[in-house]
Amino acid sequence: MIEDRTISGRIFSAFNYTLLAAIALASFLPFVHVIAGSFTTNAELAASKFVLIPKVWSAEAYQFIFSTNTIFRAMAVSAGVTLLGTLLSILISSMMAYGLSRRDLDGRKPIMFAVVFTMLFNGGLIPTFLVVKELGLIDSYAALVLPIAVNAFNLIILKNFFQNIPDGLEESAKIDGCSDFGILFRIVLPLSMPALATISLFYAVTYWNTYLNAILYLDSSAKWPIQVLLRQIVVLASGIEYSSSLDGAVPPPDQTVKMAVIVVATLPILLVYPFLQKHFAKGALLGSIKG
Amino acid sequence: MRHAETTAGAMEHSLPMKAGRRGELWRRLRRNKWLYVMILPGLLYFLIFKYAPMYGLVISFQDFKPYKGIADSPWVGFKHFERLFTEPDFLQILGNTLILFGMNLLFFFPVPIILALLLNEVRVSVFKRTVQTLIYIPHFMSWVIIASISYVMLTMDGGIVNELIAYFGFQKVNFLLSPEWFRPMYILQVIWREAGWGTIIYMAAIASVDVEQYEAARMDGAARFRQIWHITLPAIRGVIVVLLILKIGDVLELGFEHVYLLLNSMNRRVAEIIDTYVYTAGLRQQQFSYSAAIGFFKSFIGLLLVMLANRLARKMGEDGVY
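1. Considerations on the overall build of chain B
The helix and strand tally for chain B stands at 18 helices and 0 strands. Against the 2.2 N^0.38 benchmark of 20 Å for 322 residues, chain B shows a C-alpha radius of gyration of 27 Å, more extended than a compact globule. The 322 residues of chain B split such that 36% are buried. Nonlocal contacts in chain B, meaning residues at least 24 apart in sequence, comprise 65% of its contacts between residues at least 6 apart.

Okay, here's the thing in structure tokens:
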């Protein structure tokens, strides 16, 4: 399209570019502020009121948080849950999605309806808690994975993607004596890498960000994932809840320490983001439009 | 290939007519047995973690005791639902929930639409992509991270926002604990996290608009605003309606985690919503049946609203969601 040549068009453009740049900066600046703040001393943070670039650089906040193994342990829990959870979710979801993508499968419609219905109505917190408890999963890592192992939305995205793969490929594989599992793992999945990358990202982010299930189902603080620890260090310590909920004798952590913990919890997502970014916008659309 | 397949399919359907429909079905089931094996784990997931809890809602008509189980707990009819509507606390909480929903609809819902329209007017594609990259990021951050960043920036002791307020000679504001600031803070965080991500679907809808329409409009001398108003907006009306329906269905889904993270004893009066109340009453105070009843009420209203909104959309000549 050609750029607008009229005066009003140019004013609009100037305004538009400025506004969007401001919005983009505003949504990203808080992260930069926190990262910068984590790399300075608490005195500097309090004294110079900088937003982006500190005068004194220091890694003492990181030395402090890594001086005990609490953060390491929480990161390891989150990483393990994310890795195993994502693998399990992708496996279950792609098998189910492939089955449901086959038009010759009897019962496919009622099963799809049952899946979609869970997006409109759910049993809610208490009955789900009771089911998890009944299964004996309380205070186990499995409680962080199994209750969210399949996401109906992700399943539908995958199913739609599989449906768009030409049937001919599957037919000829079948003629060559390939089993249904063989078709899925040797033909359909390799052809669906963009969709799988997107869905893996969605699942991985969900597991990494797990907070609700952890506070619902975990009793022992040794099993806490990073999100729960982060909340404990930052949110609880900032408010008046501090004295009552943590041991009141310990002074609240320094501002720089809180920022360092935020950075540690955020970093993995910021690191994978650029690699997967090109896929996810398309992936998100596949599902939402066709439903 | 597709053609060959359909004829094969047609033959399959016509041949076993003699053998009877039962035999045909049985043959198909056997032929597809491995597909059913593939579906099984997922199916079990939905049965155990989605449908069993739905069945579990029957405890809202009982005085459920965990050690007795559903089978032996006494039935009490609508007792908990009656309590719900006579409890002054609950009306307050329902009010808080509805206010947050209203604010969501009013202050959040239009933002991705406006953002998408503005982004669509950008002709420098590098700029456009950079902006998109940056505004999608917060969507991938947990509410804990969003809330934590807000906390360290807004806190009275050393948060950058209050430091700047003080630097310019104003009184520091206790954003985190004051009831007046809870709602603006909530809605700003929702916008920060979700507005950018929300543009994706509108951008896709806009991308499908025929470029010739704009050229024709420009020939007729229509300015940018008129083009947006008369071409772009009508083109994405369907998407807007669908998303609005989904939003209305989610009327009571305001995000337990998000609100729970902002909730404290100072702002509880305005910040307690149905979800956080269910958590407190159910798990902290062990009132399983009562809080299950509240959850049931919430889910039921949500289902009703989505059906209602869908109907309304169809009456207005839109497609609806299902």
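2. Points about the overall build of chain A
A count of helical and extended segments in chain A gives 15 helices and 0 strands. Here chain A holds 291 residues, and the buried ones make up 39% of them.

3. Some remarks on the interface of chain B and chain A
Contact with chain B, which involves 88 residues of that partner, is made by 87 residues of chain A. Of the residues assigned to the side of chain B that touches chain A, the class counts are 61 nonpolar, 17 polar and 10 charged.

4. Quick word on the packing of helix H5 (residues 108-120) of chain A against helix H3 (residues 33-56) of chain B
Where H5(A) meets H3(B), the closest approach of the two axes is 11 Å, and the angle between their N-to-C directions is 40°. In terms of their interaxial angle, H5(A) and H3(B) are classed as oblique. Where H5(A) crosses over H3(B), the two elements pack in a sense that is left-handed. Only Leu43(B), Phe46(B) and Lys50(B) of H3(B) make contact with H5(A), whose side of the interface consists of Ile111(A), Ala114(A), Val115(A) and Thr118(A). For the contact of H5(A) with H3(B), the class distribution of residues is 5 nonpolar, 1 polar and 1 charged.

5. Describing the domain arrangement of chain A
When the parts of a complex come together, some accessible area is lost, and that lost area is often taken as the interface size. Residues and elements named next belong to chain A. Taken domain by domain, chain A holds domain 1 (7-58) and domain 2 (63-290). Facing the 9 residues of domain 1 at the interface are 8 residues of domain 2. Sorting the residues of the side of domain 1 that touches domain 2 by element identifies helix H1 (7-38) and helix H2 (42-48) as the ones contributing at least two each. No other element matches H1, which puts 5 residues into the side of domain 1 that touches domain 2.

6. Re the nonpolar core
Most often, soluble globular proteins have nonpolar side chains that are buried together. Among the nonpolar cores identified, the biggest contains 141 residues, and Leu230(A), Val261(A), Ile262(A) and Tyr202(B) are the most heavily contacted of them. With 11 residues, the top contributor of residues to this core is helix H11 (residues 179-207) of chain B. Contact partners of Ile262(A), with chain neighbours within four places excluded, come to Val34(A), Leu230(A), Val234(A), Ile145(B), Ser148(B), Ile149(B) and Val152(B).

7. As for the confidence of the model for chain B
Residues and elements named next belong to chain B. The predicted model of chain B averages 86 in pLDDT, with 91% of residues at 70 or higher. Element-level mean pLDDT values for chain B span from 44 in helix H1 (residues 2-14) up to 96 in H3. In this model, residues 1-17 is a region of pLDDT below 50 whose contacts with residues beyond four sequence positions or in other chains number 11 contacts. The ipTM, which scores confidence in the relative placement of chains, is 0.88 for this predicted complex, and the corresponding pTM is 0.87.

8. Looking at the confidence of the model for chain A
Residue and element names in this part refer to chain A. Confidence in the prediction for chain A averages 86 pLDDT; 88% of positions are at 70 or higher. Between the elements of chain A, mean pLDDT differs from a low of 43, seen in helix H14 (residues 242-245), to a high of 97, seen in helix H7 (residues 142-145). Throughout residues 239-249 the model reports pLDDT below 50, and contacts reaching past four residues in sequence, or to other chains, amount to 17 contacts. Under a pLDDT of 50 for its full length, residues 287-291 has, in the predicted model, 8 contacts with residues more than four places off or in other chains.

9. Overview of unusual backbone geometry
It is generally the case that most residues other than glycine have a negative phi and that most peptide bonds are trans. In this model, Asp139(A) sits at a positive phi of 65°, which is unusual for a non-glycine residue. Along the chain, Asp139(A) falls in the loop between helix H6 (125-134) and H7. One non-glycine residue with positive phi stands out, namely Gln286(B), at about 60°. The topology assignment puts Gln286(B) in the loop between helix H17 (274-284) and helix H18 (288-315).

10. Digging into the environment of Val56(A)
Secondary-structure assignment places Val56(A) in the loop between H2 and helix H3 (60-65). Leaving out residues up to four positions away in the same chain, Val56(A) has contacts with Thr40(A), Thr41(A) and Glu44(A).

11. Some details on the environment of Ile187(B)
Residue and element names in this part refer to chain B. Within the secondary structure layout, Ile187 lies in helix H11. Judged by C-beta crowding, with 17 C-beta atoms within 10 Å, Ile187 ranks as partly exposed. In this structure, the C-alpha to C-alpha distance between Ile187 and Phe101, residues 86 residues apart in sequence, is 9.8 Å.

12. As for the environment of Ile206(B)
Residue and element names in this part refer to chain B. Note on placement: Ile206 falls in helix H11. Its 21 C-beta neighbours within 10 Å are what place Ile206 among the buried residues. Note: C-alpha distance between Ile206 and Leu261 (55 residues apart in sequence) is 36 Å. Leave out the neighbours within four places in its chain, and Ile206 touches Ala116, Asn120, Thr232, Ala235 and Ile236.

Reading the values: the criteria
Residues numbered from 1 in each chain as written. Chains lettered and ligands numbered in written order. Predicted model: local features only at pLDDT ≥ 70, side-chain atom pairs only at ≥ 80, totals over all residues. Helix = DSSP H or I, 4+ residues; strand = E, 2+ residues; numbered from the N terminus. Rg over C-alpha atoms; globule rule 2.2 N^0.38 Å. Buried ≥ 20, exposed ≤ 12 C-beta atoms within 10 Å, placed from the backbone. Contact = placed C-beta atoms within 7 Å. Nonpolar A, V, L, I, M, F, W, Y, C, P; charged D, E, K, R; others polar. Axes fitted to C-alpha atoms, helices over the stretch in contact; angles between N-to-C directions. Parallel < 35°, antiparallel > 145°, perpendicular 65-115°, else oblique. Left-handed = near helix turned anticlockwise from the far one by under 90°. Domains from an automatic or database assignment. Core = buried A, V, L, I, M, F, W, Y, C linked by C-beta atoms within 7 Å. pLDDT = per-residue confidence, 0-100.

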